[in-house]
Amino acid sequence: MKKVMQTSEFYVAIVVLALFLVIGSQSSAFFTITNLFDLIRSGIVPGIFVMCAMLVIISGGIDVSFPAIATFSMFCSTKILHSMHFDGPVFVAFLLSGLIGLCLGLINAVFISLFRLPTLIVTLGTSSMFSGFLLTFVGSSQISDLPKPLLAFSKEQIFKFTNDSGITVGLPAAVLVSLGVIVLVALLLRYTMMGRGIYALGGDAVSAQRIGFSPIRIQFFIYGFVGLMAGVAGMIHTTMMRNSNPVDLLGTELLIIAAVVLGGTRITGGHGTVLGSLLGLLLVITIQNSLILLGIPSYWQRFVIGALILIGTGVAAYQVKRSIMRRKSIVS
């Protein structure tokens with residue numbers, strides 16, 4: 001129990017619980033099934049993004065290009081399928097979007113691993129390139145007439161509930177895709193050699209190379225995987241919104257990185273968990289969706305989330321400093 005109480009996840013869970021209690025005491029609508037379903041739906045696409053950002057940060061990098069990759073992938077895929085009058089299985093749409101995202105992610109990997117350029121600079125540049133190319137050469141108008149398989153998938157729900165007002169709410173089938181990605185990343189980090197390599201690379205790249213891990217291979221895997229998952233997330237967003245907009249999702253990277261950092265993932269790399277990142281995302285989504293229930297203007301969201309980023313980063317830095325001091329005291 002003492003070990004659990006020393007983790008970042010424990011403190012984030014306490015903050016989330018306290019926030020739930022405060023909002024619930026001020027607004028009776030917060031704990032309704034309708035609102036809880038809204039929270040879950042709000043976290044479907046960000047949940048995949050959080051996994052993407054967490055992998056990169058654990059490895060010692062910063063990626064801000066995954067929203068642009070998701071937007072590029074979903075819009076290009078929708079445009080291709082729309083022009084073909086596609087009427088096949090829906091997984092083809094997800095596969096196409098994921099493969100486009102994979103190719104874009106590998107572009108990041110080439111510059112980062114082979115040319116050894118800073119991850120933040122590379123992904124800032126490629127993010128601008130991808131979005132600029134999309135709007136210039138592919139299209140700048142949203143596609144509202146989605147292929148029939150995408151529309152059918154958007155209407156699929158795994159659970160339905162009719163409230164007292166006669167309004168039917170439910171969870172879309174896309175939540176299963178997001179859950180599958182989260183489980184896959186958790187298994188990857190916990191039980192595979194690649195997962196150990198990701199942690200080792202973020203902890204100390206030189207030491208990781210000395211014990212047999214290949215930084216180039218790991219970085220190619222990370223950025224390729226992030227691109228693939230971003231492409232899938234983009235297609236989920238298209239089905240949930242029932243249109244494909246070439247400017248959707250752009251600008252969401254800071255909120256996602258904030259959620260990951262708040263969940264205890266150290267910005268310096270080498271440490272982070274799936275549970276902590278999901279708790280951080282839950283905290284951010286709750287703040288986004290529920291400040292209005294407390295009568296607080298929505299523009300305070302940016303202030304509150306910015307403050308939480310500083311607090312989360314400060315706590316992580318303090319933990320690193322304390323662990324270093326402990327090691328020095330043991331050695332001496």
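Before any of the text, the structure's been laid out above.
None of these values were measured; they are calculated from a predicted model.

J.: Any details on the nonpolar core? Residues and values, ideally.
T.: Counting 87 residues, the largest nonpolar core has Phe49, Met51, Met54, Val185, Leu189 and Ile236 as the members making the most contacts within it. Beyond its immediate stretch of four places on either side in the chain, Met54 contacts Val185, Leu189, Val260, Thr265, Thr273, Val274 and Ser277.

J.: Could you give an account of a nonpolar patch on the surface, naming the residues involved and the relevant values?
T.: A grouping of Ile158, Phe159, Leu176, Leu179, Val183, Leu187 and Tyr191 is seen on the molecular surface, where their side chains present a nonpolar patch of about 690 Å² in accessible area. Those elements that place two or more of their residues in the nonpolar patch are β1 (157–162) and α9 (174–191). Looking at the nonpolar patch element by element, the count peaks at five residues for α9. Of note, Leu176 is situated in helix α9. The exposure class assigned to Leu176 is partly exposed, which follows from its relative accessible area of 48%.

J.: For the environment of Thr78, give the residues involved together with the corresponding values.
T.: Tracing the sequence through the fold places Thr78 in helix α5 (residues 66–83). C-alpha separation for the pair Thr78 and Asn243, spaced 165 residues apart in sequence, amounts to 9.0 Å. In this structure, Thr78 is in contact with Ile143, Leu146, Met235, Thr238 and Ser244, ignoring residues within four places of it in sequence. Within the structure, Thr78 has its side chain in polar contact with the backbone oxygen of Met74 (distance 2.6 Å).

J.: Would you mind going over unusual backbone geometry in detail, with residue names and values included?
T.: Backbone geometry at His85 places phi at a positive 55 degrees, although glycine is not the residue there. Its place among the elements puts His85 in the loop between α5 and α6 (91–114). On the basis of relative accessibility, which here comes to 69%, the residue His85 falls in the exposed class. If you check the backbone angles, Arg242 has positive phi at about 60 degrees while not being a glycine. Residue placement: Arg242 occurs in the loop between α12 (215–241) and α13 (253–262). Look at Arg242 and you get partly exposed, because its relative accessible area is 39%.

J.: Now, about the pairing of β1: what can you tell me, with residues and values included?
T.: Two faces belong to every sheet, and in a regular strand the side chains alternate between them. Note: β1 against strand β2 (residues 168–172), five bridges, orientation antiparallel. Along β2, the bridge assignment pairs Lys160 with Gly170. Counting the residues in the hairpin turn of β1 and β2 gives five residues, including Gly166, whose phi is positive at 85 degrees.

J.: So what's going on with the state of the cysteines? Which residues, and what values?
T.: Such a bond, covalent and formed between the sulfur atoms of two cysteines, is termed a disulfide. Counted under the stated rule, the structure contains zero disulfides. With no disulfide partner, Cys52 has as its closest neighbouring cysteine sulfur the one in Cys103, 16 Å distant. On the basis of relative accessible area, Cys52 is assigned to the buried category, the value being 2%. When its relative accessible area of 49% is taken as the criterion, Cys103 is described as partly exposed.

J.: Go over the packing of aromatic side chains with me, naming the residues and quoting the values.
T.: Counted under the stated rule, the structure contains twelve aromatic pairs. Arranged with centres 6.5 Å apart and planes meeting at 70 degrees, the rings of Phe20 and Phe31 form a pair that is edge-to-face. Note that Phe20 is positioned in helix α2 (residues 8–26) and Phe31 in the loop between α2 and α3 (33–42), a separation of eleven residues in sequence. We classify Phe20 as buried; its relative accessible area is 16%. Ring centres of Phe49 and Phe66 lie 5.2 Å apart, and the angle between their planes is 55 degrees; this geometry places the pair in the tilted category. You can see Phe49 sitting in helix α4 (residues 44–58) and its partner Phe66 sitting in helix α5, a full 17 residues away along the chain. For the pair Phe49 and Phe66, one class covers both residues: buried. Through pairs of rings, three or more aromatic residues link up here, namely Phe72, Phe130, Phe133 and Phe137.

The rules behind the values
Residues numbered from 1 in each chain as written. Predicted model: local features only at pLDDT ≥ 70, side-chain atom pairs only at ≥ 80, totals over all residues. Heavy atoms only, no water. Core = buried A, V, L, I, M, F, W, Y, C linked by side-chain atoms within 4.5 Å. Buried < 20%, exposed > 50% of the residue type's maximum accessible area, 1.4 Å probe, protein only. Contact = heavy atoms within 4.5 Å. Patch = residues over 30% accessible without salt bridge, like charges linked within 9 Å, V, L, I, M, F, W, Y side chains within 5 Å. Areas by Shrake-Rupley, 256 points an atom, 1.4 Å probe, with all protein chains shown as cover. Salt bridge = Lys/Arg side-chain N within 4 Å of Asp/Glu carboxyl O. Helix = DSSP H or I, 4+ residues; strand = E, 2+ residues; numbered from the N terminus. Polar contact = N/O pair within 3.5 Å; in protein donor to acceptor, adjacent residues only side chain to side chain. Pairing = 2+ DSSP bridges. Disulfide = S-S within 2.5 Å. Phe/Tyr/Trp six-rings, centres within 6.5 Å; stacked < 30°, edge-to-face > 60°.

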